[in-house]
Amino acid sequence: MRKNQLWTILTGIVCLAMLGFNCKKSADAVVDCLGESLLTSIKVNVDATNPKLVHVEVNYSGSLTVASVTYNYGDGTTETLTAKTSSHVYTAAGTYTVTTSIKLTRGSSTCTPSPKKTITVN
C-alpha cells in the first residue's frame, strides 16, 4: 500500500471516530463559523462624562441571527442579553479586556465568535 493511500485511510478513520460519522457536516460548520467570525467585531467606548462607564456595541454583518450576546467585562462581571449594546460601570481604574460571545443561529446550527478589546479605565 502506498503512503498516500495509507494517509487517506487513517485520516478517514480518525474523522469518523472523532466526528461521529458526519465529517462533511462538521467540517462545513467549522468553515461557516470561521467565516462568520470575520463578520463580527465590537466597539468599546469610555463615556465622556463618567470615566468608569463603558459602552459596548456588537457589530455583525452576516446573514445569521444574533440570538444572544454574553458580555464579559474583565472584572468578574458577565451578563447575557439579546441586545447588541450594553453598558457597564467599573468600580476601579485599570486595564480590562472586554470579551463578547456572540451566539449566531440559523435553524438548529449555531456559531459563537468571541471578539474582544482591551480598554483602560481611569
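Note that this is a predicted model, so its numbers are computed, not measured.

### Details of the environment of Thr112
Step number 1: By the secondary structure assignment, Thr112 is in the loop between β7 (109-111) and β8 (116-121).
Step number 2: Between the C-alpha atom of Thr112 and that of Ser68, which follows or precedes it by 44 residues, the distance is 9.6 Å.
Step number 3: Apart from the residues within four sequence positions on either side, Thr112 is in contact with Cys33, Ser101, Ile102 and Lys103.

### Remarks on the pairing of strand β6 (residues 94-106)
Every other side chain in a regular strand lies on the same face of the sheet, so the side chains alternate between the two faces.
Step number 1: In this sheet, β6 lies alongside strand β3 (residues 65-72) in antiparallel orientation, the contact comprising seven bridges. Residue pairing across strands places Asn72 opposite Thr99, the latter belonging to β6.
Step number 2: In this sheet, β8 lies alongside β6 in antiparallel orientation, the contact comprising six bridges. Counted as the bridge partner of Thr97 is Thr118 from β8.
Step number 3: Where β6 lies against β7, three bridges are found, and the strand directions are antiparallel.

### Regarding the packing of aromatic side chains
Step number 1: Under the defined criterion, the tally for this structure stands at two aromatic pairs.
Step number 2: Here the aromatic rings of Tyr71 and Tyr73 are separated by 6.2 Å at their centres, their planes lie at 10°, and the arrangement is stacked.
Step number 3: The class for Tyr71 is buried, based on a relative accessible area of 0%.
Step number 4: Judged by centre distance (4.2 Å) and plane angle (25°), the ring pair of Tyr90 and Tyr96 falls under stacked.
Step number 5: A residue is classified by how much of its surface remains accessible, and Tyr90, at 1% relative accessible area, is buried.
Step number 6: Judged by relative accessible area, which is 12%, Tyr96 ranks as buried.

### Quick word on the confidence of the model for the chain
Regions with low pLDDT should not have their predicted coordinates read in detail.
Step number 1: The predicted model of the chain has a mean per-residue pLDDT of 82, with 74% of residues at 70 or higher.
Step number 2: Across residues 12-28, where pLDDT falls below 50, the model places five contacts with residues more than four positions away in sequence or in other chains.

### Section: the sheet that holds strand β2 (residues 53-60)
Step number 1: Taken in spatial order, the three strands line up as β1-β2-β5 in an open sheet, and their pairing is antiparallel. Looking at strand neighbours, the two that pair on one side only are β1 (40-46) and β5 (85-89), the edges of this open sheet. If you compare each strand with its neighbour and ignore which way they point, the axes differ by 20° on average.
Step number 2: Pairing geometry for β1 and β2, over seven bridges, is antiparallel. Opposite Asn45, over in β2, you have His55 as the bridge partner.

### Concerning the environment of Val44
Step number 1: With respect to the helices, strands and loops of the structure, Val44 is situated in strand β1.
Step number 2: Judged by its relative accessible area of 16%, Val44 is buried.
Step number 3: C-alpha of Val44 to C-alpha of Ser87: the two residues are 43 residues apart in sequence and 9.4 Å apart in space.
Step number 4: Other than its neighbours up to four places away in sequence, Val44 contacts Val54, His55, Val56, Val98, Lys117 and Ile119.

The rules behind each value
Residues numbered from 1 in each chain as written. Predicted model: local features only at pLDDT ≥ 70, side-chain atom pairs only at ≥ 80, totals over all residues. Heavy atoms only, no water. Helix = DSSP H or I, 4+ residues; strand = E, 2+ residues; numbered from the N terminus. Contact = heavy atoms within 4.5 Å. Pairing = 2+ DSSP bridges. Phe/Tyr/Trp six-rings, centres within 6.5 Å; stacked < 30°, edge-to-face > 60°. Buried < 20%, exposed > 50% of the residue type's maximum accessible area, 1.4 Å probe, protein only. pLDDT = per-residue confidence, 0-100. Axes fitted to C-alpha atoms, helices over the stretch in contact; angles between N-to-C directions.

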